[in-house]
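# Analysis of the macromolecular model
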Amino acid sequence: MINVLTKEIYNKIAAGEVVDRPYSVVKELVENAIDAGASEIAVEIEVGGKKSVRVRDNGAGIPKEDLPLAYLPHATSKLKSAEDLFTVATLGFRGEALASIAAVSQMKIISKRKGQNAYSLSSEGGLLGEVREAAGADGTEVCVENLFFNTPARLKFLKSDAQEEGDVSNMMSRFLLSHPEIAFTYSVNGKIKLRSFGDGLDAALAAVYGAETVEKCYGISAEKHGIRIHGYLGNQNFSKPNRSYQSLFVNGRYVVNQTVGAAVTNAYATYLMKRQFPFYVLFLEVPSEIVDVNVHPNKADVRFADNQIIYGCVYSVVSSVLDGNSRALEYLAPKNDIREATHEEIVLPKIEKSAPVLSKMSYEEAKKELSFDVSPLGGRTPAPKLYEENEKFTMKVNAPTEGDAFEENRAYLLEREKKVQEKIDPATLSYKGELFHTFLIYEIGDEAYFIDQHAAHERLIYNRLRSRTEAREPLSQPMLVPFVLNVNSEEYAFLIRQLPVLNEIGFEAEEFGGTSVKVSAVPADLQGIDLEAFFAEVLSSMESYNGIKLADLVKDKLASAACKAAVKGGERLTDDEAKSLIREMDGDMGLRCPHGRPVAVKMKKSEFEKLFKRIV
Ligand code: ADP
Ligand code: MG
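I will try to describe carefully the structure that is included in this document. (Residues numbered from 1 in each chain as written. Chains lettered and ligands numbered in written order. Predicted model: local features only at pLDDT ≥ 70, side-chain atom pairs only at ≥ 80, totals over all residues. Heavy atoms only, no water.)

### Points about the packing of helix H2 (residues 22–35) against helix H6 (residues 161–178)
Geometry of a packed helix pair, given as the angle between the helix axes and the separation of the axes. Our working definition: Note on method: axes are straight lines fitted to C-alpha atoms, helices fitted across the in-contact stretch only, with angles between N-to-C directions ranging 0 to 180 degrees. In DSSP terms, a helix is any run of H or I states spanning at least four residues, a strand is any run of E spanning at least two, and both are numbered starting from the N terminus. Throughout, the term roughly parallel applies to angles under 35 degrees, roughly antiparallel to angles over 145, roughly perpendicular to angles from 65 to 115, and oblique to all others. Note on convention: the crossing is left-handed when the near helix lies turned anticlockwise from the far helix by less than a right angle, right-handed when the turn is clockwise. For this analysis, residues touch if any pair of their heavy atoms sits within 4.5 Å. Any residue that is not Ala, Val, Leu, Ile, Met, Phe, Trp, Tyr, Cys, Pro, Asp, Glu, Lys or Arg is counted as polar, Gly included; the first ten are nonpolar and the last four charged.
Where H2 meets H6, the axes come as close as 9 Å, and the angle between the chain directions of the two elements is 25 degrees. In terms of orientation, H2 and H6 fall into the roughly parallel class. Handedness of the crossing formed by H2 with H6: right-handed. Counted together, Pro22, Tyr23, Val26, Lys27, Val30, Glu31 and Ile34 of H2 and Glu164, Asp167, Val168, Met171, Met172 and Phe175 of H6 form the full contact between these two elements. Residue composition of the contact of H2 with H6, by class: nine nonpolar, no polar and four charged.

Given below as structure tokens:
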């Protein structure tokens, strides 16, 4: 008995680390179901998961004789080599998740292996009942009720029902996204909240965010320096008011990572306004030797051996998608595989990993521990009352009553695939005049476009400047008086490293004795820029991202150059100028100015009719 108690206490302590909230219970149970090879997983929670969490899968099941083992700390059937512990996929909780959960709840497992009977085993506060024959389909169902019923102190730390539910829901969304091959059903208090069919990422994205969202995204897939990036990027016209619509998965694991976040945000810089945040769901596959996931088992972050390389890859992939594809508000975002990523061969530095936090015991070892350690438990006759109470665990299968809505979502997606929209042919637009010397009006069929002449012009100039810089064939403009920059030795070393990049984009800069740099020409597109200020900015980013940041900066400068050169609002354009502007836009009504403001706004004839109450 003492043995059991000791174990119990141990479990509670261990549980403190890993199982502190309903969402960690759900996470552990779903991960187990995934590990069991399930293709269908149903998750149900009640009262934010505080009252009950139920996870049912159609995976391999647990053999009858192993059922008690599942409750045992350090027991795992997932044999892993020490080497495996370093990889993302195997981050787990030392085979003690179930034990930890069982210790602080009333738990029941019903499991059935193919071709065998179903068996169940209940526990209350970690005290096991008996293995019993049960009814059930192939797979496993784990039901956790009254979490922390025996640890009131911990119960107090839970957030409100709504908050706990929200956290579980967010995590379930991520499971749908990271495992699009699995059909998930997630219900809250008896109502289905999320449902996927295991038929791919497009459908999973639609299931989580709605089919309209998929329409506003670019599907991407790219590889650079051995780093694979795929997923979705919201288009230039689609933004969110905060960062909660950003999901990043590194080697299949959900993480929040500053480097990647900054790279994406900066790539969107010329498309979104302040306080607008991009939408993205990105999957990065990186060689396991350049990433360390062992930052903290409960923290969703990773450490990369070289942030600059990761930043560079993500930045260049995202900006090449955005800069190459600006489509109108209602345009269909085609799945565009990124144009041939450059195959520069670089040597990726390896990371020095932190010591693995976990050491797994093999199944055989665990079995030994069981026969030695837990025999008192097996011999214990539990109070009959416990079993009566356990009867309330009987399964309640949730019929997918709301299936239709989900089917609709799918149908919508299929329809979308068929529909191929085109850009507007500028020749079919008729110019109707201007308003306030600022907005140009065009008509096409039943639609009117209002174009902000300054924003449009600005974007066109910017694009022209950019493509020249990007093609690395910028025009250099020699300066009458060379500019000499005096810096300290650290800054000097940094600048010297940047010289090739600077010269490639049209500067002519060279070493000038001591710790000085001489600039004798600037990119023609950046004529008249304040070099002092420019280099001050270059140097201020010295510590962070080096060459990549420089690209951002140049982008920024080009944007302000474009802004200066563009016609202003209030400046009257001739009809010919107005027409040539639209021709130059090439019918792309989805353009945004480099500060993220829209260039065109569309109104349908029917919207005018509604304004005048001709139709309702
Ligand atoms: P770990 O997942 O780290 O092995 P757990 O405590 O989460 O540790 O689970 C213990 C063991 O119970 C697993 O190794 C597995 O053998 C078994 N198990 C748990 N959940 C399931 C499931 N849904 N289907 C099949 N086996 C399971
Ligand atoms: Mg587990």
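Resuming the write-up.
### A closer look at the packing of aromatic side chains
Filter applied, for reference: Ring pairs shown here join Phe, Tyr and Trp side chains whose ring centres sit within 6.5 Å, with only the six-membered ring taken for Trp; geometry is labelled stacked below 30 degrees between planes, edge-to-face above 60, and tilted in between. Any residue under 20% of the maximum accessible area for its type is buried, any over 50% is exposed, and the rest in between are partly exposed; the area is computed with a 1.4 Å probe on protein chains only.
Per the counting criterion, the structure on display carries twelve aromatic pairs. Plain terms: the ring middles of Phe534 and Phe535 are 5.4 Å apart, the flat faces sit at 85 degrees to each other, and that makes the pair edge-to-face. Judged on exposure class, the residue Phe534 and its partner Phe535 are both buried. What links up through ring pairs into an aromatic cluster is the set Tyr209, Phe238, Tyr245 and Phe279.

### A look at the sheet that holds strand E22 (residues 476–486)
Applied cut-off: Any two strands between which DSSP finds at least two bridges are classified as paired.
Strand order in the open sheet formed by three strands is E22-E24-E23, and the pairing between neighbours is antiparallel. The two strands at the open ends of the sheet, each matched to only one other strand, are E22 and strand E23 (508–511). Strand-to-strand twist across the sheet, computed as the mean angle between neighbouring axes with direction ignored, equals 15 degrees. In the sheet, E22 pairs with strand E24 (residues 516–523) via seven bridges, with the strands oriented antiparallel. Bridging across to E24, Phe483 finds its partner in Val519. The sheet strands contacting helix H16 (residues 489–504) are E22, E23 and E24, and the helix crosses E23 at an angle near 145 degrees.

### What about the sheet that holds strand E21 (residues 447–452)?
Within a beta sheet, neighbouring strands are joined by backbone hydrogen bonds and run either parallel or antiparallel to one another. Ordered by their spatial adjacency, four strands build an open sheet running E19-E20-E21-E25, and the pairing between neighbours is antiparallel. Of all the strands in the sheet, just strand E19 (430–435) and strand E25 (600–604) have a single pairing partner and so form its edges. With strand direction ignored, the average angle separating the axes of adjacent strands in the sheet is 25 degrees. Examined bridge by bridge, E21 and E25 share five bridges and lie antiparallel to one another. Residue pairing for E25: Tyr449 is matched across the bridge by Lys602. Of the strands in this sheet, E19, strand E20 (439–444) and E21 touch helix H19 (residues 575–584), which is tilted by about 65 degrees from E20.

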